[in-house]
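Structural description and commentary
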Amino acid sequence: IENYSNDNIITAPNTLTVNGTLNMAKDRRIIVEPGAKLYVNGGKITNLCGDTWQGIEVWGRYQSAQEPIAQGYLEINDGTIEYAKEAVRLWNPGVITSTGGIIKATNAKF
């Protein structure tokens, strides 16, 4: 995956894995919808120009089980999120009942 000039929306049941560098455009975001997954395995999500991007939104369903099949899921293993205004949000800012997104981070850098 190279550059994105628009928001990147990962829909269920899809998975996006970042092993290298993903360069996000200024003011764009990654959205992980309920039932979708994003893995950052030793990779980096950044903006190489030094501008900020919006960050990752991991959406959830507040009345659903805290399991990846029911919630948006982000797993970072030895990965980096940089130049984001907010590295990760575990909800959809436009929907109060969207809480519940899941993040698992091991040796992550924000």
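The rules behind the values
Residues numbered from 1 in each chain as written. Predicted model: local features only at pLDDT ≥ 70, side-chain atom pairs only at ≥ 80, totals over all residues. Heavy atoms only, no water. Helix = DSSP H or I, 4+ residues; strand = E, 2+ residues; numbered from the N terminus. Buried < 20%, exposed > 50% of the residue type's maximum accessible area, 1.4 Å probe, protein only. Contact = heavy atoms within 4.5 Å. Polar contact = N/O pair within 3.5 Å; in protein donor to acceptor, adjacent residues only side chain to side chain. Salt bridge = Lys/Arg side-chain N within 4 Å of Asp/Glu carboxyl O. Pairing = 2+ DSSP bridges. Axes fitted to C-alpha atoms, helices over the stretch in contact; angles between N-to-C directions.

On to the environment of arginine 29, then. Its location among the elements puts arginine 29 in strand β5 (residues 29–32). Judged by its relative accessible area of 25%, arginine 29 is partly exposed. Through-space distance from the C-alpha of arginine 29 to that of aspartate 7 is 5.0 Å; in sequence the pair is 22 residues apart. In contact with arginine 29, not counting residues within four places along its chain, are Asp7, Asn8, Met24, Trp53, Gln54, Gly55 and Glu57. A polar contact is formed between the side chain of arginine 29 and the side chain of aspartate 7, at a distance of 3.0 Å. Separated by 3.1 Å, the side chains of arginine 29 and glutamate 57 make a polar contact.

What follows covers the pattern of salt bridges. Counted under the stated rule, the structure contains six salt bridges. Across the pair lysine 44 and glutamate 82 runs a salt bridge, and its minimum N-O distance is 3.8 Å. Residue lysine 44 is located in strand β7 (residues 44–46), and its partner glutamate 82 is located in the loop between β10 (80–81) and β11 (88–89); the two are separated by 38 residues in the primary sequence. Its relative accessible area of 32% is what places lysine 44 among the partly exposed residues. Between glutamate 86 and arginine 89 there is a salt bridge, and its shortest N-O distance comes to 2.9 Å. Assessed through its relative accessible area of 37%, glutamate 86 is described here as partly exposed.

Moving on to the sheet that holds strand β12 (residues 102–106). Spatially, the four strands line up as an open sheet ordered β3-β6-β9-β12, and their pairing is parallel. Taken across any chain shown, the strands that pair with only one partner, and hence form the sheet edges, are β3 (15–18) and β12. Going from strand to strand, the sheet's axes swing by 5 degrees on average, the running direction of each strand aside. As paired elements, strand β9 (residues 73–77) and β12 share five bridges and run parallel to each other. The partner of tyrosine 73 across the bridge, within β12, is isoleucine 102.

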